[in-house]
Amino acid sequence: MVDLSVRIGGLALANPVMPASGTFGPELAQVFDLNRLGALVTKSVTPQYRQGNALPRLCETEAGVLNSIGIPGKGLDHFCTQAMAEWRRFTPPLVVSLSADTVAAFADAAARLAATPGVAAIEANISCPNLEEDGRAFAMHPESAAAAIAAMRAACALPLWAKLSPNTADIAAVARAVEEAGADAVVVANTILGLAIDIERMVPKLGAGMGGFSGPAFKPIALRLVWQCAQAVRIPVIGVGGIATPADAVEFLMAGASAVQVGTASFVSPTALPAVLDGLAAFCARRGFARVSDLTGLALPGRLRPAAE
Amino acid sequence: MVDLSVRIGGLALANPVMPASGTFGPELAQVFDLNRLGALVTKSVTPQYRQGNALPRLCETEAGVLNSIGIPGKGLDHFCTQAMAEWRRFTPPLVVSLSADTVAAFADAAARLAATPGVAAIEANISCPNLEEDGRAFAMHPESAAAAIAAMRAACALPLWAKLSPNTADIAAVARAVEEAGADAVVVANTILGLAIDIERMVPKLGAGMGGFSGPAFKPIALRLVWQCAQAVRIPVIGVGGIATPADAVEFLMAGASAVQVGTASFVSPTALPAVLDGLAAFCARRGFARVSDLTGLALPGRLRPAAE
Amino acid sequence: MDLGGFPVAEADLAVVDSAPVGRRYHRLLLDSPALSAASRPGQFFHLLCRDGGGNGPYLRRPMSIWRCGAGQRLGFLFHVKGRGTAALAALRPGDRLSAVGPLGQGFRLEPGWRRILILARGVGLATLAPLTEAAAAQGITVQALLSAQAPGDLMAAEFAGASGATVQAVFDSDGSSAVPAVEALLRATFEGPARPDAVFTCGSNRLFLLLQRLAAEYGIPGQIALEQQMGCGLGMCFCCVRQIRAADGGVVNLRVCAEGPVFDLQAALAW
Amino acid sequence: MDLGGFPVAEADLAVVDSAPVGRRYHRLLLDSPALSAASRPGQFFHLLCRDGGGNGPYLRRPMSIWRCGAGQRLGFLFHVKGRGTAALAALRPGDRLSAVGPLGQGFRLEPGWRRILILARGVGLATLAPLTEAAAAQGITVQALLSAQAPGDLMAAEFAGASGATVQAVFDSDGSSAVPAVEALLRATFEGPARPDAVFTCGSNRLFLLLQRLAAEYGIPGQIALEQQMGCGLGMCFCCVRQIRAADGGVVNLRVCAEGPVFDLQAALAW
Ligand SMILES: Cc1cc2nc3c(=O)[nH]c(=O)nc-3n(C[C@H](O)[C@H](O)[C@H](O)COP(=O)(O)OP(=O)(O)OC[C@H]3O[C@@H](n4cnc5c(N)ncnc54)[C@H](O)[C@@H]3O)c2cc1C
Ligand SMILES: Cc1cc2nc3c(=O)[nH]c(=O)nc-3n(C[C@H](O)[C@H](O)[C@H](O)COP(=O)(O)OP(=O)(O)OC[C@H]3O[C@@H](n4cnc5c(N)ncnc54)[C@H](O)[C@@H]3O)c2cc1C
Ligand SMILES: Cc1cc2nc3c(=O)[nH]c(=O)nc-3n(C[C@H](O)[C@H](O)[C@H](O)COP(=O)(O)O)c2cc1C
Ligand SMILES: Cc1cc2nc3c(=O)[nH]c(=O)nc-3n(C[C@H](O)[C@H](O)[C@H](O)COP(=O)(O)O)c2cc1C
Ligand code: FES
Ligand code: FES
């Protein structure tokens, strides 16, 4: 029997497999038992109602997708008073993804979530590339990222995960900045900015122009970001980007992640999450790892690899 | 008859299709007539001999490759005295890709190339992610990029193209900086840093660890970089990244590129370059464009699209 | 195929029939008694479009249920349009097809109804076809008005199956499908003895607007099946929204995959 | 297939034969008279590994020419190892295969030679097989020593074809393939009346080192075909380098695809 449990900061998870924000909802309970997951992660909640972006909001590319959904939603108040009722039906820790336009709004929202029963952790989406002009986001620079996290840290005692962006020159610096600002974990990474053009209509395929790129095609980049962050910080790294198979998840763990999130793959295979979980356990069993946490960082530079392997 | 000619700064090209540095050599003349190409681009030349990186130097991913070749080569002197003899056999303008470790070395090498007959332009590879520790490069920041270009500009009168890196927070700022520093064009973009792990051996698949990611999977990112640069500068943008088909090339032109480079696709199909050229002409003919240069920027925001289309 | 207690399955199904229909359409029949029995008219499946060799686009494609029911093959009828549907049309009997479903909200038939009218064009008839048998099973008489380019495109047999529905056809080729002509036909029906208790449509924006207007005028309830490009098919990604008029008169974005694909005829906005 | 004046073609060829050989190997024969006639033993093609449905890994795979020559099918014989070779093995007669080649520097046979010895193991014999017929055509006698796990893995027929080469086999299963045993066999040959004018090897690091040592000791020239993972196959990317001893004694990185795959036996370094 492989021990699948992992600790992410103060939070104990039954296993390291969870969904990625914005690609998941309680609707997936129609397909499998969500209580099997290590944690549940909501789509990003924003302080106010948001309509979302122009259509089309999604287009496919070679082994990936571009999205500019625009975080539509009914706002934080509706989330805390209405949506939470549905989430409380499930047993895994609930991680609420939070997005906001200003440092103050992030702090206020964090305080509100901390006062809401059933919220196990906040994932601060400081990296969504669709919100600010030309895709700019807090997570682009260490200073702005740290400011948002520090304000949330001061406003609440919940475990605080910082979701970082690939759209930065030096993600290790951003990771160090949010660690110092009090983040309990970094989630690496959100989508990278991309574009596709409809050459017959001569306009971008997405209504909003550019969009966030995700899926298997994005995996080598996300894996590199995890590897860079894992060498930069002591807090746990949660890996996300292009994970579709158990082997992908093993790569992320070996690159230094303590847990993984599966996003776009759930669109193509709604059973991808349990399949990754089962395959991860099978890999550990086959290679003689007693704990899934033993995989974390095995491929990092200078690591001694188990002799028996 | 479609007019395929384009101007890149002071340089007139018979057509906008050329190879990408490091994925091309005179060896391709074994497969088709290289004189059909708009320009030839050498692999990066370095001031001194370089052995190159540890093996394996290349690995494949979902619809792409990672490379860490490490720019092996015999150095600038050998290039100017020996290799140039072979390049002079071909008629298209020869663009010499130049890579160096310091601003002074860039300037010295540019002066040497300017004194070498047969060099039509310099493509300054200020973005190769394999050279500096942890993938850092001049093109990561506007200041260092501008410093390298300004020094080359002062040292030679050749057309000077700056090849930018995706590994930056704000490529538009880098593009503006090199434009001000005197670049005649920007080449967008070099590979983006990526990683792949061999989960059975528990080490990175590439001998050097991380590598540069290219190929179709990279295309949405490169296209977005071109789109951002085309809106930021007045000098021509040369688009590169994942182009494998004529439709891909049309996307890059509509995103604002004046010419395109084909890299990794030549590994999979050594006739990709002439196929892209022929297909581009066919697209223009089918859609009634008299000049291929009419495609440039058609999908940029605020552009009026031809009514007849 | 056991649904294992979950209403939606990700199932790997065997293709038992795959054949072109007319010039541009194709039908697929799959072996899946449990999924077929669990499916309702108006619902859809999200299909992984891979030809026999595994080639196809990255995302799934939504496809209405064309045939379903206890003891029946699960069937799809589609327009071969782009890369995804081309891969589906390349499947051969014995190949496997990954299907996620049944998904979405289907058509609603109310107990008191005795007669319904279906107005369909093009491949919209695939979506409406299973409604004919469901209605027949409840003793509801079905009258259908099918619009097509030319007689060769009609697929009346594919539509009505064994339901006994009365089918009337109009064509572009002889001008009978022009909106004023169809309006006259509909008015005659709505004013005559066979006035339907409800109307249903799918497949044409023009006909939708006509039917919406006339149904409002005559006070007949209606339903429409809408289409929208999809990502997850399950209600998670919010890329498939359409504008729908809410009870309070405001306009809201609803998910075609979750709140739809069937919406109230008067609530739907034109596209 | 017209090479159109260029020595290397990117050609879309028809598969005429595709069959498993033994437990782990597979052979493909392609219809391409011009390319087959232009190919030389020791050269290779870079194959796009797509099964009949177009599925396969992104990069091409290098594969030695196993059969070639005027009037002959172009043939490949390979170990079904990973994703690429599995896709190749899934090809069926009538399918198309994209091949780039012929590539690289083949074996060199010098006019004065009367007798050569070939030492091959595993799939290395595919690379050396066409040398037997080329030698026979020049009146050179070929003696081959083939090493395999067990008699079932030998593929002697696949090796010698119609060349009339004398084949001796050694096996792991009976211990006859152990290095000392092979050394004894080679010494006997090198010291006897059938001393070869040159030796050739491929497929085993152990046997390469043995042959390199003995050939140096007996002053017999030799050639070896090396393998390395490839990107472009044409000499452009420098990912396929191997360490080779230069004339001046220094070690240089040479490209297996361009300067190789055949190198001087004494110049090659072990891997
Ligand atoms: C609920 C629902 C039920 C449907 N039922 C049927 C049916 O029974 N028969 C039938 O022929 N078609 C049906 N469609 C339309 C069908 O999904 C599209 O024709 C198909 O996705 C086209 O895919 P493609 O790759 O062949 O075409 P492409 O044009 O290459 O597709 C490109 C993209 O556009 C999307 N797209 C293109 N057309 C449509 C469309 N009309 N609706 C939604 N997305 C589209 C595709 O999903 C894909 O993302 C239905 C659509 C929906 C939403
Ligand atoms: C010049 C040359 C000629 C060859 N001729 C033959 C032949 O006639 N018969 C035969 O069975 N094999 C031959 N090989 C080896 C053959 O290319 C590999 O077995 C094949 O590439 C494996 O691909 P795969 O996807 O099935 O395996 P995988 O192991 O999945 O391949 C993963 C990667 O490793 C590379 N790789 C794996 N093994 C080798 C290898 N031995 N040499 C080079 N690259 C490798 C692949 O190209 C690919 O990039 C030759 C190699 C070279 C360089
Ligand atoms: C349709 C879509 C919507 C997304 N919405 C959010 C979001 O609301 N908040 C967020 O932090 N990330 C969002 N993401 C990013 C994912 O959580 C994830 O970081 C990214 O897609 C990379 O992982 P993947 O390749 O597994 O999808 C979204 C991604 C997609 C595809
Ligand atoms: C094997 C390999 C070697 C490369 N070497 C160089 C180089 O020497 N100099 C350079 O500027 N870019 C180099 N590149 C980057 C390419 O020129 C190009 O910018 C990148 O690969 C993206 O284009 P593509 O997707 O068409 O390959 C190399 C790329 C590859 C794959
Ligand atoms: S397709 Fe994802 S919400 Fe409808
Ligand atoms: S494979 Fe590219 S140089 Fe040999």
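Residues numbered from 1 in each chain as written. Chains lettered and ligands numbered in written order. Predicted model: local features only at pLDDT ≥ 70, side-chain atom pairs only at ≥ 80, totals over all residues. Heavy atoms only, no water.

Per an unreviewed UniProt entry, chain C goes by Dihydroorotate dehydrogenase electron transfer subunit and derives from Falsiroseomonas selenitidurans. Word for word, the UniProt comment on chain C under Cofactor (unreviewed entry) is "[2Fe-2S] cluster". (UniProt positions renumbered as here; feature names shortened; annotations may be inferred.)

Per an unreviewed UniProt entry, the recorded name for chain A is Dihydroorotate dehydrogenase, and the organism is Falsiroseomonas selenitidurans. You can read under Subcellular location (unreviewed entry) in the UniProt record for chain A the words "Cytoplasm". Annotation of chain A in UniProt includes, under Sequence similarities (unreviewed entry), the sentence "Belongs to the dihydroorotate dehydrogenase family. Type 1 subfamily."

Colleague: What's the story with the overall build of chain A in this structure? I'm lost.
Modeller: Across its full length, chain A carries eight helices and 16 strands. The C-alpha radius of gyration computed for chain A amounts to 18 Å, which stays within 12% of the reference 19 Å derived for 309 residues, consistent with globular compactness. Out of the 309 residues belonging to chain A, those deemed buried represent 66%. About 9900 Å² of surface is accessible on chain A, with carbon and sulfur atoms providing 53% of the total. (Helix = DSSP H or I, 4+ residues; strand = E, 2+ residues; numbered from the N terminus. Rg over C-alpha atoms; globule rule 2.2 N^0.38 Å. Buried < 20%, exposed > 50% of the residue type's maximum accessible area, 1.4 Å probe, protein only. Areas by Shrake-Rupley, 256 points an atom, 1.4 Å probe, with all protein chains shown as cover.)

Colleague: So what exactly am I meant to see when it comes to the overall build of chain C here?
Modeller: Helix and strand counts for chain C stand at six helices and 14 strands. Over its C-alpha trace chain C gives a radius of gyration of 18 Å, about what one expects of a compact globule, namely 18 Å for 271 residues. On the principal axes, the C-alpha backbone points of chain C span a range of 55 × 45 × 35 Å. Taking all 271 residues of chain C together, 56% fall into the buried category. When contacts within chain C are restricted to residue pairs at least 6 apart in sequence, those whose partners lie at least 24 apart make up 67%. With the model as given, the accessible surface of chain C reaches about 10400 Å², and the carbon-plus-sulfur share is 52%. In chain C, 24 positive and 21 negative side-chain charges are present, and the distance between their average locations comes to 3 Å. (Contact = heavy atoms within 4.5 Å. Lys, Arg positive; Asp, Glu negative; His and termini not counted. Charge placed at Lys NZ, Arg CZ, Asp CG, Glu CD.)

Colleague: How do you make sense of the site of ligand 4 when you look at a structure like this?
Modeller: Residues and elements named next belong to chain B. Around ligand 4 there are 20 residues in total, and Ser21, Ser44, Lys163, Gly242 and Thr264 lie nearest to it. At 3.0 Å, a backbone N or O of glycine 263 approaches an oxygen atom of ligand 4. In the environment of ligand 4, an oxygen atom lies 2.5 Å from a nitrogen or oxygen atom belonging to the side chain of threonine 264. Tallied by class, residues from the shell around ligand 4 come to five nonpolar, 14 polar and one charged. (Near = heavy atom within 4 Å. Polar contact = N/O pair within 3.5 Å; in protein donor to acceptor, adjacent residues only side chain to side chain. Nonpolar A, V, L, I, M, F, W, Y, C, P; charged D, E, K, R; others polar.)

Colleague: I would appreciate a short explanation of the sheet that holds strand β5 (residues 74-79) of chain C in the present structure.
Modeller: In any sheet, the strands associate via hydrogen bonds between backbone groups, in a parallel or an antiparallel arrangement. Residue and element names in this part refer to chain C. What the six strands build is an open sheet, ordered β4-β3-β6-β1-β2-β5; its pairing is antiparallel. The two strands at the open ends of the sheet, each matched to only one other strand, are β4 (61-64) and β5. On average, each strand axis in the sheet is inclined to that of its neighbour by 40°, with strand direction left out of account. Direction of pairing for strand β3 (residues 44-47) relative to strand β6 (residues 96-103): antiparallel, over a ladder of three bridges. Bridging from a neighbouring strand, histidine 46 pairs with valine 100 of β6. (Pairing = 2+ DSSP bridges. Axes fitted to C-alpha atoms, helices over the stretch in contact; angles between N-to-C directions.)

Colleague: Help me understand the pairing of strand β10 (residues 185-188) of chain A, please; the structure alone is not making it clear to me.
Modeller: Within a regular strand, side chains alternate between the sheet's two faces. Residues and elements named next belong to chain A. Side-chain alternation along β10 places Ala185 and Val187 on one buried face and Val186 and Val188 on a second face that is also buried. In terms of strand pairing, strand β9 (residues 160-163) meets β10 through three bridges, oriented parallel. Counted as the bridge partner of tryptophan 161 is alanine 185 from β10. Crossover handedness for the path β9 to helix α4 (residues 171-180) to β10: right-handed. (Right-handed = clockwise from strand over helix to strand, strands pointing away.)

Colleague: Whenever I open this one, the pattern of salt bridges confuses me. Can you help?
Modeller: Side-chain pairing between opposite charges can occur once the charged atoms of the two side chains come close. All names here are of chain C. Counted by the stated rule, this structure contains 46 salt bridges over all chains. Residue glutamate 183 pairs with arginine 213 through a salt bridge whose shortest N-O separation is 3.2 Å. Taken as a pair, glutamate 183 in helix α5 (residues 179-191) and arginine 213 in helix α6 (residues 205-218) lie far apart in primary sequence, 30 residues in all. You can call arginine 213 partly exposed: its relative accessible area is 42%. (Salt bridge = Lys/Arg side-chain N within 4 Å of Asp/Glu carboxyl O.)

Colleague: What should I look at first to understand helix α5 (residues 179-191) of chain D in this one?
Modeller: Working note: α-helix, 3.6 residues per turn, so residues spaced by three or four point in the same direction. Residues and elements named next belong to chain D. Along its 13 residues, α5 runs 18 Å from first to last C-alpha, staying within 8% of the 18 Å computed at 1.5 Å per residue. Among all positions of α5, only Val182, Glu183, Leu186, Thr189 and Phe190 are buried. Mapping the buried residues of α5 onto a view down its axis gives an arc of 130°, with all of them on the same face. Of the residues in α5, the exposed ones pointing more than 90 degrees away from the buried face are Pro180 and Glu191. Each element contacted by the buried residues of α5 is listed here: β7 (115-121), β8 (141-148), β9 (166-171), β10 (198-202) and α6 (205-218). (Expected span 1.5 Å × (residues − 1). Arc of directions from axis to C-beta.)

Colleague: Would you mind going over the interface of chain A and chain B with me for this structure?
Modeller: Interface size is commonly expressed as the accessible surface area that is lost when the partners come together. Contacts between the two partners involve 48 residues from chain A, matched on the other side by 48 residues from chain B. Summed over both partners, the interface of chain A with chain B comes to about 3900 Å²; 68% of that surface belongs to carbon and sulfur atoms. For chain A, the biggest contributors to the area lost against chain B are Leu195, Ile199 and Met202 of chain A; these three give 18% of the whole. There are four salt bridges connecting chain A and chain B. For arginine 287 of chain B, the salt bridge identified is with glutamate 200 of chain A, shortest N-O distance 2.6 Å. Taken together, the links from chain A to chain B amount to ten residue pairs in polar contact (both at pLDDT 80 or more). Put simply, the parts of the chain that give the side of chain A that touches chain B at least two residues each are β11 (192-194), β13 (203-204), α5 (219-230), α6 (246-254) and α8 (272-287) of chain A. (Buried area = accessible area lost by both parts, 1.4 Å probe.)

Colleague: Teacher, can you tell me more about unusual backbone geometry here?
Modeller: Cis rather than trans, the peptide bond between leucine 55 of chain A and proline 56 of chain A has omega equal to -15°. Looking at the secondary structure, you find proline 56 of chain A in the loop between β4 (40-41) and β5 (58-61). The phi angle at alanine 63 of chain B is positive, at roughly 55°, despite the residue not being glycine. Structurally, the position occupied by alanine 63 of chain B is in the loop between β5 (58-61) and β6 (64-67). In this structure, phenylalanine 238 of chain D is a non-glycine residue whose phi angle is positive, near 60°. Relative to the helices and strands, phenylalanine 238 of chain D is located in the loop between β11 (222-225) and β12 (241-245). Phenylalanine 238 of chain D gets classed as partly exposed once you look at its relative accessible area, which sits at 22%.

Colleague: It is not clear to me how the sheet that holds β7 of chain D should be interpreted in this structure. Could you clarify?
Modeller: Residues and elements named next belong to chain D. Here we have six strands laid out as an open sheet, ordered β9-β8-β7-β10-β11-β14, and mixed in their pairing. The open sheet has two free edges, formed respectively by β9 and β14 (262-264), since each of these has just one partner strand. Taking the axes of each pair of neighbouring strands and ignoring which way they run, one obtains an average angle of 20° across the sheet. In terms of strand pairing, β11 meets β14 through three bridges, oriented antiparallel. Its bridge partner lying in β14, glutamine 223 is registered against aspartate 264. Most of the contacts of helix α3 (residues 124-137) go to β7, to which it runs at about 165°, and overall it touches β7, β8, β10 and β11.

Colleague: Just checking my understanding: could you explain the arrangement of the chains for this structure?
Modeller: When the four pairs of chains in contact are compared, the highest contact count belongs to chains A and B. Left apart from each other, chain B and chain C have a closest C-alpha approach of 12 Å. Across the gap from chain A to chain D, with no contact made, the nearest C-alpha atoms are 12 Å apart.

Colleague: What am I meant to see in the UniProt feature "binding site: substrate" (unreviewed entry) in chain A here?
Modeller: Residue and element names in this part refer to chain A. According to UniProt, the feature "binding site: substrate" (unreviewed entry) maps to Lys43, Asn67, Ser68, Ile69, Gly70, Ile71, Asn125, Asn190 and Thr191 in the numbering used here. The residue isoleucine 69 is located in the loop between β6 (64-67) and α1 (76-87) in this model. Examined against the element boundaries, isoleucine 71 turns out to sit in the loop between β6 and α1. Accessibility expressed as a relative area gives 12% for isoleucine 71, which makes it buried.

Colleague: For this particular structure, what's the right way to read the confidence of the model for chain C?
Modeller: Note: predicted coordinates in regions of low pLDDT should not be interpreted at a detailed level. Per-residue pLDDT for chain C has a mean of 93; in total, 97% of the residues score no lower than 70. Prediction confidence for the complex, expressed as pTM and ipTM, is 0.96 and 0.96 respectively. (pLDDT = per-residue confidence, 0-100.)

Colleague: Help me understand the relation of the copies chain A and chain B in this model?
Modeller: Between the two copies of the chain lies a relationship made up of a rotation around an axis and a movement along it. After a rotation of 180° and a shift along the axis of 0.0 Å, chain A superposes on chain B with an RMSD of 0.0 Å. When the rotation and shift are considered jointly, the pair of chain copies conforms to a two-fold rotation axis. An overlap of 100% is found between the interface residues of chain A and their copies at the interface of chain B, pointing to a shared contact surface. (Least-squares fit on C-alpha atoms with pLDDT ≥ 70 in both.)

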